[in-house]
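Examining the three-dimensional arrangement
Residue strings, one per chain:
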Amino acid sequence: MLKIEGLTAEIDGKQILKGLDLEVPAGEVHAIMGPNGAGKSTLSYVLSGREGYEITGGSVTFHGKDLLAMEPEERAASGLFLAFQYPVELPGVGNATFLRTALNAIRRQRGEPELDAMQFLKLARSRMKELSMPEDMLKRGVNVGFSGGEKKRNEVLQMALLNPSLAILDETDSGLDIDALKIVSEGVNALRGPGFSALVITHYQRLLNYIVPDRVHVLVNGRIAKSGGKELALELEAHGYAEVAA
Amino acid sequence: MNAMTSNAEAFLRRAEALATPAWVGALRRQGVEALARSGLPNRRVEAYRYTDLTPVARAEFGAAPKALARPELPAQRGRARMVFVDGVLRADLSTLPPRPLSDAAPLLGTVENSATAPVAALNAALAEDGMFLDIPAGENAGLIELVSIVTEGAGPIAFHPRHVVRLGEGASVTILETCEGPDGVGYLHNPVFEVVVAEGATCAHTRIQREGQGAYFLSSIHARIAAGGTYDNFTLNAGAKLARNEIHSALEGPKAACHMNGAQLVGQGQLADTTTFLHHAAPDCASRQTYKSVLTGNGRGVFQGKILVAQVAQRTDGYQMNQALLLSEDAEMDAKPQLEIYADDVKCSHGATIGALDENQLFYLRSRGIPEKAARAMLVQAFLTEAVDGVADETCRAALDEAVMGWWQGVAA
């Protein structure tokens, strides 16, 4: 489903990804762990199409298509979703308008009928309930005045509505207390199934107690240094990246 | 000063040729004197350093056509309306019983420098009619529309309506003013408002300026606000080749308030200038100003905002914000906020931001499947929403939203 081969990328002339290989089959959840500066966030931005990164080599195929040739909105319509580490505030853009515009933009690109305001509200309300989100979050500006936990829940709400086939969770656990972590994890787990894969990027093993991965990869210095089962996360927690990845 | 005396000669000759009934005589004299003295200023005059009016002095304007046009009018939104076509007050198209401007004679030229500032002086020298809205004490006059339309066949006319709005104690009115005309014609619309707000009265004034792309729009609004009274102005400055939009407000009694907000939508070949002058002349008054400009192509925007707090105006609460969004490399915004404060117990703040669309916000929207063009439109709309949302009247707000959308569709096309 997602296949990355020999990916190299740089920003401002500095090479960050140095020949990264990774494959995520349909229906699997993979975790990427690694120290600061290893290239975790760069990988998530390169995959989602943020400007400013120079791809110098390698390839990424997603559902058999060249992901790197697509605009960010086309990647989203193809089923890719990035849950931001730092969700962006959009003053003046109501959350409901934002969610509905996004959902209908994707449905349009996928050739599906758009939802009217009533259909959308019904869907959004039921998803919000599952994520224990107060309904007034629909009326507020996107992420404006949201707490850290609310912003992350809003990311998971977007994911639940847009229904991606691959979700990249970039440090979704950062800044979350244990209750919020559980809610967010349940939101992700609810989507798991044969048509849903996830790339969970995290510093800490803690999140992986709640979102249990099929595979764990260690990203060090721009490439995958080691891969293993879920027990690799525990090993990393106990012995540190330096020893495990050496 | 002598160097500039001659540039308004064509206007002065026209003023001389006008019939001058007694009621307008004093005003015209003041205007002619001021115009002869200072002409239409160029950029050497500080208040016009970003907006040169000499192109208006050099332009040739013709007389209004003799035959009265019957343009298609937009649907009436207010309780009543007054319609000007090609600068002529049309009782036959208006639903508001017109009151002759001569009834307002004692007020003419009495509202703070409404005869002597250059834009107002030009009007004073040449004004022949206008709307006189006289709301008795305690009356709520509802929504009144003031419509100005220039027709296709009118040519490069010049017209100078002088509107007078007087609210008695505790009265209220909402004015929705729209100005429209054909593209590619160098006509001049030079309206001046004199607004007198008595104690506890409220005047809410929304203006949608969508003059044709070749037009000149030189406007000056002058308001005096008594104790406990409010004057609210929202101006959408979207049309004309050169638009100068001045507002002079004086807070003259305790607890008077003034809100001056607006948006400027400026495209290729356009200059839009908003210049505000706010005089806090009494204690315990509040003023709020938020102006937002969106500039495309080689559009140029200007915001000049001066707040003068007199020594008596203790406990003044003033706020002024000016923000501009530059959507192209060639667009330009000039901003000049000024505070002059003589009272010591004052809360006054101002700020300005000028920048491009935020790349993080744009990427966030696109990563959610929203195509780039739509994402940009959402962010521009959001930028303007904050300004338009402050307009209390729903009909006015809807008209503004419509005008903003229409402009954006034209830009994005």
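Residues numbered from 1 in each chain as written. Chains lettered and ligands numbered in written order. Predicted model: local features only at pLDDT ≥ 70, side-chain atom pairs only at ≥ 80, totals over all residues. Heavy atoms only, no water.

Okay, the overall build of chain A next. What chain A contains, in helices and strands, is seven helices and 12 strands. Judged by the C-alpha coordinates and their principal axes, chain A covers about 55 × 40 × 35 Å. For chain A, the residues scored as buried account for 52% of the 246 residues in total. Taking contacts inside chain A between residues at least 6 apart in sequence as the whole, the part at least 24 apart equals 68%. Only carbon and sulfur atoms are counted for the fraction: they give 49% of the accessible area of chain A, which is about 10,500 Å². Across chain A, the mean location of the 27 positive side-chain charges is 4 Å away from that of the 32 negative side-chain charges. (Helix = DSSP H or I, 4+ residues; strand = E, 2+ residues; numbered from the N terminus. Buried < 20%, exposed > 50% of the residue type's maximum accessible area, 1.4 Å probe, protein only. Contact = heavy atoms within 4.5 Å. Areas by Shrake-Rupley, 256 points an atom, 1.4 Å probe, with all protein chains shown as cover. Lys, Arg positive; Asp, Glu negative; His and termini not counted. Charge placed at Lys NZ, Arg CZ, Asp CG, Glu CD.)

Strand pairing in a sheet relies on backbone hydrogen bonds. The paired strands run either parallel or antiparallel. Residue and element names in this part refer to chain A. Read from one edge of the open sheet, six strands run β6-β9-β10-β3-β11-β12, paired in mixed fashion. The open sheet is flanked by β6 (80-83) and β12 (223-228), the only strands paired with a single partner. Pairs of neighbouring strands in the sheet enclose a mean axial angle of 20°, with direction left out of account. Sheet topology note: the strand β11 (residues 215-220)/β12 ladder contains five bridges and is antiparallel. Bridge assignment links His217 to a residue of β12, and that residue is Ser227. (Pairing = 2+ DSSP bridges. Axes fitted to C-alpha atoms, helices over the stretch in contact; angles between N-to-C directions.)

This part is about the interface of chain A and chain B. Interfaces are frequently sized by the accessible area removed from exposure as the parts join. Between chain A and chain B, the contact holds 31 residues from the first and 17 residues from the second. Viewed at the interface, chain B and chain A are joined by four salt bridges. For Arg368 of chain B, the salt bridge is made with Glu155 of chain A, and the minimal N-O distance between the two is 2.7 Å. If you list the elements that add at least two residues to the side of chain A that touches chain B, you get α1 (40-48), α2 (72-77), β6, β7 (90-94), α3 (95-109) and α5 (148-162) of chain A. (Salt bridge = Lys/Arg side-chain N within 4 Å of Asp/Glu carboxyl O.)

Attention shifts here to the sheet that holds strand β2 (residues 14-24) of chain A. All names here are of chain A. Sheet architecture is open: four strands sit in the order β2-β1-β4-β5, paired in antiparallel fashion. One side of each edge strand has no neighbouring strand; the edge strands of this open sheet are β2 and β5 (65-66). Summarising the sheet, strand β1 (residues 2-11) and β2 pair through eight bridges and their orientation is antiparallel. Opposite Thr8, over in β2, you have Lys18 as the bridge partner.

Residue and element names in this part refer to chain A. It is the contact of α3 with helix α4 (residues 117-130), at a shortest axis distance of 11 Å, that shows an interaxial angle of 105°. On the basis of their axis angle, the class for α3 and α4 is roughly perpendicular. Each of Ala96, Leu99, Arg100 and Leu103 in α3 lies in contact with α4, whose residues at this interface are Ala117, Phe120 and Leu123. The residue inventory of the contact of α3 with α4, partitioned by class, reads six nonpolar, no polar and one charged. (Parallel < 35°, antiparallel > 145°, perpendicular 65-115°, else oblique. Nonpolar A, V, L, I, M, F, W, Y, C, P; charged D, E, K, R; others polar.)

Per the stated rule, a full pass over the model turns up 36 salt bridges over all chains. In this structure, Glu51 of chain A and Arg366 of chain B form a salt bridge, with 3.9 Å as the shortest nitrogen-oxygen distance. Residue Glu51 of chain A is located in the loop between α1 and β4 (54-62), and its partner Arg366 of chain B is located in helix α5 (residues 359-366); the two belong to separate chains. A relative accessible area of 57% means that Glu51 of chain A is categorised as exposed. You can call Arg366 of chain B buried: its relative accessible area is 5%. Here Arg108 of chain A and Glu114 of chain A are joined by a salt bridge, their closest N and O atoms 2.8 Å apart.

Right, let's get into the side chain of Ser48 of chain A. Note that Ser48 of chain A resides in helix α1. Using a relative accessible area of 3% as the deciding quantity, one classes Ser48 of chain A as buried. Looking at Ser48 of chain A, its side chain comes within polar contact range of the main-chain oxygen of Ser44 of chain A, at 2.8 Å. Those residues in contact with Ser48 of chain A, other than ones at most four positions away along the chain, are Pro72, Arg75, Leu80 and Leu82 of chain A together with Phe363 of chain B. (Polar contact = N/O pair within 3.5 Å; in protein donor to acceptor, adjacent residues only side chain to side chain.)

What follows concerns the nonpolar core. Counting residues in hydrophobic clusters, the biggest one holds 113 residues, and the most contacted among them are Leu2, Ile4, Leu20, Leu47, Leu90 and Phe98 of chain A together with Leu236 of chain B. It is helix α6 (residues 372-388) of chain B that provides the largest number of residues to this core, a total of 10 residues. If we ignore the near neighbours within four places in the chain, the residues touching Leu47 of chain A are Leu2, Ile4, Val60, Leu67, Arg75, Leu80, Ile168 and Leu199 of chain A. In terms of nonpolar packing, the next biggest core, distinct from the first, is built from 40 residues, Leu133, Leu146, Ala171 and Leu278 of chain B among them. (Core = buried A, V, L, I, M, F, W, Y, C linked by side-chain atoms within 4.5 Å.)

All names here are of chain A. Structurally, Thr56 can be placed in strand β4. In this structure, the C-alpha to C-alpha distance between Thr56 and Ala9, residues 47 residues apart in sequence, is 5.3 Å. Setting aside residues up to four positions removed in sequence, Thr56 forms contacts with Thr8, Ala9, Glu10 and Gln15. A distance of 2.8 Å separates a polar atom in the side chain of Thr56 from a polar atom in the side chain of Thr8.

Residues and elements named next belong to chain A. Structurally, Val188 is set in helix α6 (residues 178-191). Along the chain, Val188 and Ala198 lie 10 residues apart, while their C-alpha atoms are 8.8 Å from each other. In this structure, Val188 is in contact with Val156, Met159, Leu169, Phe196 and Ile211, ignoring residues within four places of it in sequence.

Residues and elements named next belong to chain B. Along strand β7 (residues 172-180), seven of the nine residues are buried, which leaves the element largely enclosed by surrounding structure. Taken together, the eight bridges between strand β4 (residues 140-149) and β7 define a ladder with parallel strand orientation. Looking at the pairing, Glu145 lines up with Leu176 of β7. Where β7 lies against strand β10 (residues 202-210), nine bridges are found, and the strand directions are parallel.

Let us look at the packing of α3 of chain A against α5 of chain A. Residue and element names in this part refer to chain A. One can describe the packing of α3 onto α5 by two numbers: an axis separation of 10 Å at closest approach and a directional angle of 35°. Considering how the two elements wind past one another, α3 and α5 form a crossing that is right-handed. Where α3 approaches α5, its residues Asn95, Phe98, Leu99, Ala102, Leu103 and Ile106 are matched on the opposing element by Asn154, Leu157, Gln158, Leu161 and Leu162. Looking at side-chain class alone, the contact of α3 with α5 contains eight nonpolar, three polar and no charged residues. (Left-handed = near helix turned anticlockwise from the far one by under 90°.)

A few words now on the confidence of the model for chain B. Residues of chain B with pLDDT of at least 70 account for 98%, and the chain-wide mean is 93. Here the predicted complex carries an ipTM of 0.96, next to a pTM of 0.87. (pLDDT = per-residue confidence, 0-100.)

This part covers α6 of chain B. Its 17 residues give α6 of chain B an end-to-end C-alpha distance of 24 Å, which sits within 8% of 24 Å, the value for a rise of 1.5 Å per residue. For α6 of chain B, the set of buried residues is Ala375, Ala377, Met378, Leu379, Val380, Ala382, Phe383, Leu384, Ala387 and Val388 of chain B. (Expected span 1.5 Å × (residues − 1).)

Further remarks concern unusual backbone geometry. All names here are of chain B. The residue Asp284 is not glycine, and still its phi comes out positive at about 60°. Relative to the helices and strands, Asp284 resides in the loop between β15 (271-280) and β16 (286-295). Notably, Arg315 is not glycine yet its phi reads approximately 55°, a positive angle. Along the chain, the position of Arg315 falls in the loop between β17 (300-309) and β18 (316-326).

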